[in-house]
Amino acid sequence: MPRSLIPDQMPKRLATLALALLGAGLFYLLGLPLPFLFGPMAACLVAALAGAPLRGMGTISTLARTVLGVAVGASITPEVVGRIPQMAGSVALVPVYVVIIGIVGVPFFRRLGYDPVTAWYAAMPGGLQDMVTFGKEAGGDGRALALIHATRVLIIVTLAPLILTGLYGSSLTGVLGAPARDLPLAELAMMAAAAVLGWKGAERIGLFGASILGPMIVTGVLSLTGMIHSRPPAEAILTAQLFIGLGIGVQYVGVTFRELRSFVLSGLAFVVLLAMLAALFTELVMLTGLARPVEGFLAFAPGGQAEMTVLALVAGADLGFVILHHLTRIVVVILGAPVVARVLQVRRS
């Protein structure tokens with residue numbers, strides 16, 4: 001960071017972090033679910049909408065996401081690898097799911113008055129940063145894309161726990177990980193190295209989602225070779241939740257009434273369509289015996305990869321099953337969306 005920016009940015013980031021911690025503490029004291037995720041998210045969202053000059057945590061937030069990559073990688077065991085052929089049936093539905101979302105979503109946003117490029121990338125259920133980047137490069141409205149996708153993630157992360165507890169009877173008390181004091185120092189050191197080296201190595205080769213996929217790959221190798229036997233400590237996973245919640249909330253900094261009325265409401269309406277499609281595919285994999293209810297729901301909930309990892313952990317779901325489906329969705333969207341856009345000659349009108 002340039003030295004000239006430190007006096008302006010650092011106090012705002014420290015204030016944002018303090019607000020996130022306050023939100024987490026309040027939710028914890030009230031006994032609300034997922035306090036380290038929803039507390040920071042709610043506190044930062046309310047403050048952002050009130051006009052507070054919040055700032056995201058930059059590299060620190062990215063580093064926190066590597067913890068989730070390590071958690072997923074540690075769950076890749078020989079037993080999980082042996083079950084991949086059994087997951088093929090439901091994984092094969094993911095590209096169909098993405099195509100149907102596009103068929104429904106693009107006309108939806110076009111009817112709301114969005115230009116073709118913005119409508120295309122607003123409809124794609126990929127990562128927020130990827131869709132905003134692709135859309136801006138193609139001439140779309142970056143601010144609209146950022147708010148639409150942030151709203152998608154916000155609503156899904158908020159509603160998913162309610163659905164898991166109310167509809168599927170999940171307790172959301174899954175074991176996140178053992179306390180750091182109970183884990184061997186050698187394994188903690190290997191997980192820390194896997195997080196940083198995996199992240200930076202994936203960035204160097206241009207791998208999408210480098211902060212999660214890089215650590216996941218390196219840790220997966222360590223797990224399959226028997227060098228680690230545990231997830232990251234619970235303290236690390238709770239810290240990752242805090243920064244994810246903070247990151248969702250600060251997406252709304254500087255939002256205007258016009259943007260709330262147009263972009264955010266558009267995102268809300270689109271989430272309704274996504275929810276119906278997700279429910280349809282969840283029911284399909286349940287009825288065909290391809291997945292249990294909780295895994296089926298989490299596998300097809302179109303939220304962010306990091307957020308779905310957290311929910312899978314607290315729901316005690318089959319982490320390998322859920323993440324394999326989300327990785328497939330992200331790969332299909334990131335590789336397919338720009339190519340199909342060029343083939344169909346999607347241009348800003």
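Draft legend 1. Fine view of a nonpolar patch on the surface. Among the surface-exposed residues, Leu159, Leu162, Ile163 and Leu167 lie close enough to one another that they form a single nonpolar patch of about 370 Å² accessible area. Note on placement: Leu159 falls in helix H9 (residues 142-166).

Draft legend 2. Fine view of the nonpolar core. Membership of the largest hydrophobic core comes to 101 residues, with the highest contact counts inside it found for Phe109, Tyr121, Tyr252, Leu298 and Phe300. For this core, the leading source of residues is H9, giving 12 residues. Residues contacting Phe300, with those up to four places away along its chain left out, are Ser90, Leu93, Val94, Tyr97, Ala278, Phe281, Thr282, Val285 and His325. Counting 8 residues, the second-largest nonpolar core is a separate cluster that includes Ala74, Met191, Ala195 and Ile228.

Draft legend 3. Focus on the pattern of salt bridges. Within the structure shown, the criterion is met by 5 salt bridges. With its nearest N and O atoms 3.0 Å apart, the salt bridge here joins Arg143 to Glu259. Linking Arg143 in helix H9 with Glu259 in helix H13 (residues 257-287), this pair joins segments that are 116 residues apart in sequence. On the basis of relative accessibility, which here comes to 9%, the residue Glu259 falls in the buried class.

Draft legend 4. Examining helix H15 (residues 305-314) more closely. In terms of residue burial, H15 counts as a mostly covered element, since 10 of its 10 residues are buried. Here H15 has its buried residues at Gln305, Ala306, Glu307, Met308, Thr309, Val310, Leu311, Ala312, Leu313 and Val314. Two residues or fewer after H15 comes Gly316, characterised by a positive phi angle close to 65°.

Draft legend 5. How the structure looks around the environment of Ile334. Relative to the helices and strands, Ile334 resides in helix H16 (residues 319-343). For Ile334, a relative accessible area of 9% puts it in the buried group. Ile334 sits 223 residues away from Arg111 along the chain, and the two C-alpha atoms are 24 Å apart. Beyond its immediate chain neighbours, meaning those up to four positions away, Ile334 contacts Asp130, Met131, Phe134 and Phe208.

Calculation rules
Residues numbered from 1 in each chain as written. Predicted model: local features only at pLDDT ≥ 70, side-chain atom pairs only at ≥ 80, totals over all residues. Heavy atoms only, no water. Patch = residues over 30% accessible without salt bridge, like charges linked within 9 Å, V, L, I, M, F, W, Y side chains within 5 Å. Areas by Shrake-Rupley, 256 points an atom, 1.4 Å probe, with all protein chains shown as cover. Salt bridge = Lys/Arg side-chain N within 4 Å of Asp/Glu carboxyl O. Helix = DSSP H or I, 4+ residues; strand = E, 2+ residues; numbered from the N terminus. Core = buried A, V, L, I, M, F, W, Y, C linked by side-chain atoms within 4.5 Å. Buried < 20%, exposed > 50% of the residue type's maximum accessible area, 1.4 Å probe, protein only. Contact = heavy atoms within 4.5 Å.

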